[in-house]
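Structural features, examined
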Amino acid sequence: MPTVLSASRSATPPRSAPAGATVTATPGSSTWGQSVRLRVVVDSTTGTPTGAVSLASDRDGALGSCTLAAGTCDVTTGSLSVGTHAITATYAGDGNWAGTTSLAISVVVGLASSTTTVTSSASPIVAGNPVTLTATVDATTGQAGGTVTFLDGTTPIDTCVLAGVTATRATCSLTTTALLPGTRSIRARFEGDARFATSTSAAISQVVRATTTTSVTPNPSPSVYGQSVGILVTVATDTTTATGTVTVLDGGTTVGTCVLASGACTVTTSTLVVGSHSLTASYPGDAGHGASVSSAVAHTVNANSSTTTVASNLPTSAWGQAVRFRVTVSSSTTVPTGSAIVFVDGNSLGTCTLAAGICDVTTGSLSVGPHTVSATYTGNGNHLASDSATITQ
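Anyway, here's the lowdown on the structure attached to this text.

Basis of the calculations
- Residues numbered from 1 in each chain as written.
- Predicted model: local features only at pLDDT ≥ 70, side-chain atom pairs only at ≥ 80, totals over all residues.
- Heavy atoms only, no water.
- Pairing = 2+ DSSP bridges.
- Helix = DSSP H or I, 4+ residues; strand = E, 2+ residues; numbered from the N terminus.
- Core = buried A, V, L, I, M, F, W, Y, C linked by side-chain atoms within 4.5 Å.
- Buried < 20%, exposed > 50% of the residue type's maximum accessible area, 1.4 Å probe, protein only.
- Contact = heavy atoms within 4.5 Å.
- Phe/Tyr/Trp six-rings, centres within 6.5 Å; stacked < 30°, edge-to-face > 60°.
- Axes fitted to C-alpha atoms, helices over the stretch in contact; angles between N-to-C directions.
- Disulfide = S-S within 2.5 Å.

**Focus on the pairing of strand β23 (residues 245–250)**
Here 6 bridges tie β23 to strand β24 (residues 253–259), and the two strands are oriented antiparallel to one another. Residue Thr245 lies in a different strand from β24, and its bridge partner there is Val259. With antiparallel pairing between neighbouring strands as the criterion, β23 and β24 make up a hairpin whose turn holds 2 residues, including Gly251 at a positive phi of roughly 65 degrees. Relative to strand β26 (residues 275–283), β23 runs antiparallel, the two being bridged by 4 bridges. What sits directly across from Asp250, in β26, is Leu279.

Rendered as structure tokens:
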């Protein structure tokens, strides 16, 4: 009887029904750049599934994958964009369990916070002069971008565009000449971007001093040596009246100072030497007004005129008797110095040196008869020469 051979085939067991997958997020609500841990649990009533799980967002796409250990695994991400995300976990299955996809969970990602500060390159400044305002925007989870608006009180000045300087800091600057006189309250407002919320700096005080115009006027002009000259200084502004002390200079030499009253004051001097002078006034400014220096004003001091007289102590004398001729020289201001010459009958009798405007020439050699006597002051750098009237000796 023939032998009948039979063969048996081992069948591959079917995979178990899909395992259940759930995903949770910690925290459930976050801000941009904050790390979110997505935990996936894949379970089954007949054992513990193994294999890979991938996570995805309806906004950002794939978020990463993890390998199950004891039925669970985590994916941590800090790259979720701002908005509301529907996140699902997809279990790929293995040789024993079929794959499955979890229900979506909602994760809300808000704008990250920012901190803005503002600084000024100089305070005080004078109105119309440039000042540079710098805004710095700091964030803990990244670098902010976009624009910053600078404010004077609540009034926008202008904007600038942020540029990064570190991983979490960005800055930009604005140079302006538009600030009006006064104490300005300056703030910087970061307008926010797709990742960071707007923020406004604390206010800083920016002192803006009013511009001033200083002028100088000497009177009289020209003047003569020794004459009192009043140098009027005026400090004009477009705002309140300037106060403080003004210095008047002759070239680089200080002539004097005066204190402003109603924006003006006068320096009086009688010490200007003969010649040409360049007068200026320097105003150093006060709390609300900027400094200014006047334009130079030319002033001429001329030599003063003089008056000379001559007198004899013995208008009638005997032959051989000593006669003293006294010369007196005066002016309208100071007492002249220098020399005088006494003439008898047109001929020089002698020269004397003035002391307190007076000097004497004495002679005992006059011939018998009448003589015509006069004196000439020769002048100096400050006083003009002059001739006396004649007298008879």
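**Things to note about the nonpolar core**
Of all hydrophobic cores here, the largest spans 24 residues; its most connected members are Val148, Phe150, Leu162, Phe190 and Phe196. Mapped onto this core, the elements with two or more residues apiece are β12 (131–138), β13 (147–152), β16 (169–176) and β17 (182–190). If sequence neighbours within four positions are ignored, Val148 has contacts with Ala135, Val137, Asp158, Thr159, Cys160, Leu162, Cys172, Ala188, Arg189 and Phe190. Ala25, Leu38, Ala89 and Tyr91 belong to the second-largest nonpolar core, a separate cluster that totals 22 residues.

**Details of the packing of aromatic side chains**
Enumeration according to the criterion identifies 1 aromatic pair in this entry. A centroid spacing of 5.4 Å and a plane angle of 70 degrees characterise the contact between Trp32 and Phe196, whose relative ring orientation is edge-to-face. A residue pair is termed long-range when its members are at least 10 positions apart, and Trp32 in the loop between β2 (29–31) and β3 (36–43) and Phe196 in the loop between β17 and β18 (199–200) qualify at 164 residues. Residue Phe196 is classed as buried on the basis of its relative accessible area of 0%.

**Looking at the environment of Val273**
As for its position among the elements, Val273 is in the loop between β25 (264–269) and β26. Look at Val273 and you get partly exposed, because its relative accessible area is 48%. As a C-alpha pair, Val273 and Gly226 span 47 residues in sequence and 8.0 Å in three-dimensional space. Val273 has contacts with Tyr225 and Val301, leaving out every residue within four places of it along the chain.

**Description of the sheet that holds strand β29 (residues 307–312)**
The antiparallel open sheet is built from 3 strands, whose spatial order is β29-β30-β33. Two strands close off the open sheet at either side, each with one partner strand: β29 and β33 (358–363). Taken over all neighbouring pairs, the strand axes of this sheet differ in orientation by 20 degrees on average, direction set aside. The pairing of strand β30 (residues 323–330) with β33 spans 6 bridges and is antiparallel. Paired with Arg324 across the two strands is Thr362, which belongs to β33.

**A word on the state of the cysteines**
All told, the structure shown has 4 disulfides when counted by the stated rule. Each disulfide pairs two cysteine sulfurs, and for Cys258 the partner residue is Cys265, the sulfurs being separated by 2.0 Å. Sign of the S-S torsion, about 50 degrees for the bond between Cys258 and Cys265, identifies this disulfide as right-handed. For the pair formed by Cys258 and Cys265, the shared burial category is buried.

**A word on the environment of Gly110**
Here Gly110 is to be found in strand β9 (residues 105–110). What makes Gly110 partly exposed here is its relative accessible area of 24%. Measuring from C-alpha to C-alpha, the distance between Gly110 and Gly99 comes to 33 Å, with 11 residues separating the pair along the chain. With near-sequence residues (within four places) excluded, Gly110 lies in contact with Ser30, Thr31, Trp32 and Val82.

**Some details on the sheet that holds β25**
One open sheet accounts for 3 strands, arranged β20-β22-β25; its pairing is antiparallel. Of all the strands in the sheet, the pair left with one neighbour each is β20 (212–219) and β25. Strand after strand, the sheet turns through a mean of 20 degrees between neighbouring axes, direction not considered.

**Some thoughts on unusual backbone geometry**
Excluding glycine, residues mostly have negative phi values, and the peptide bonds linking residues are mostly trans. For the peptide bond that leads from Thr26 to Pro27, omega is -5 degrees, which places it in the cis range. When you line up the elements, Pro27 lands in the loop between β1 (20–26) and β2. Residue Pro220 is bonded to the preceding Asn219 through a cis peptide linkage, with omega at 0 degrees. As for its placement among the helices and strands, Pro220 is situated in the loop between β20 and β21 (223–224). In this structure, Ala356 takes a positive phi of about 55 degrees despite not being glycine. A residue is classified by how much of its surface remains accessible, and Ala356, at 72% relative accessible area, is exposed.

Function cannot be read off these values alone, since they describe shape.
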